[in-house]
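Working through the structure, step by step
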Amino acid sequence: MFEIEIDRDACDGIFACLARDGRFVEDDDGLATIDPDAAGVVRVEQTDERVVALLEGDAEADDGDATLAARSCPPGAISVREVDA
């Protein structure tokens, strides 16, 4: 399993992540979030400060989409990490 975390304070709404990984979507505030109904998403927790999504599989075998989304984020608001199930 792996986790995607978005720092909502750092997100500036450029949405380079949306072009790299279809699980990223724009929320009502104009910031990036994760679609809770997207394939492989186990859960999404969102606060005013951050979004944390738990996904099935592992980040490296995920075709690199989440990792590419994180790398393409100009303010570095996205992190991807492996987690224990």
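Scroll up to find the structure this text is about.
The structure presented is a predicted model; accordingly, all values stated were derived computationally and were not measured.

Before going further, it helps to spend a moment on the overall build of the protein chain. Along the protein chain, the regular secondary structure elements total two helices and six strands. If you list the helices and strands of the protein chain from N to C, you get β-α-β-β-β-β-α-β. Structurally, the protein chain occupies a C-alpha span of about 30 × 25 × 20 Å along its principal axes. For the protein chain, the share of sequence-separated contacts (at least 6 apart) that also reach a separation of at least 24 residues comes to 56%. Summed over all atoms, the accessible surface of the protein chain reaches about 4700 Å², with 43% contributed by carbon and sulfur. Considering the protein chain, the positive charge centre built from 7 side chains and the negative charge centre built from 23 side chains are found 4 Å apart.

What follows deals with the side chain of Ser72. With respect to the helices and strands, the residue Ser72 is situated in helix H2 (residues 65-72). Within polar-contact distance, the side chain of Ser72 engages the backbone oxygen of Ala69 at 2.9 Å. Those residues within four positions of Ser72 in sequence are excluded, and the remaining contacts are Ala16, Cys17 and Arg20.

So, about the pattern of salt bridges. Scanning the entire structure with this criterion turns up seven salt bridges. Of the charged contacts in the structure, one is a salt bridge between Asp21 and Arg23, with a shortest N-O distance of 2.7 Å. Residue classification places Arg23 among the buried positions, given a relative accessible area of 10%. Put simply, Glu3, Glu5, Arg50 and Arg81 are held in one network by salt bridges that share partners.

Buried within H2 are the following residues: Ala66, Thr67, Ala69, Ala70 and Ser72. Elements that come into contact with the buried residues of H2 comprise strand S1 (2-7), helix H1 (16-20), strand S2 (24-26) and strand S6 (78-82).

Right, let's get into the sheet that holds S1. The four strands lie next to each other as S4-S5-S1-S6, forming an open sheet whose pairing is antiparallel. Strand pairing shows two members of the sheet lacking a second neighbour, strand S4 (41-46) and S6, which therefore form its edges. Sheet twist, expressed as the average angle between the axes of neighbouring strands with direction ignored, equals 15°. One ladder, built from six bridges, connects S1 with strand S5 (residues 50-55); its direction is antiparallel. Considered in S5, the bridge of Glu3 is made with Leu54. Against the sheet, H2 engages S1 and S6, with an angle of about 145° to S6.

Definitions and limits used
- Residues numbered from 1 in each chain as written.
- Predicted model: local features only at pLDDT ≥ 70, side-chain atom pairs only at ≥ 80, totals over all residues.
- Heavy atoms only, no water.
- Helix = DSSP H or I, 4+ residues; strand = E, 2+ residues; numbered from the N terminus.
- Contact = heavy atoms within 4.5 Å.
- Areas by Shrake-Rupley, 256 points an atom, 1.4 Å probe, with all protein chains shown as cover.
- Lys, Arg positive; Asp, Glu negative; His and termini not counted.
- Charge placed at Lys NZ, Arg CZ, Asp CG, Glu CD.
- Polar contact = N/O pair within 3.5 Å; in protein donor to acceptor, adjacent residues only side chain to side chain.
- Salt bridge = Lys/Arg side-chain N within 4 Å of Asp/Glu carboxyl O.
- Buried < 20%, exposed > 50% of the residue type's maximum accessible area, 1.4 Å probe, protein only.
- Pairing = 2+ DSSP bridges.
- Axes fitted to C-alpha atoms, helices over the stretch in contact; angles between N-to-C directions.

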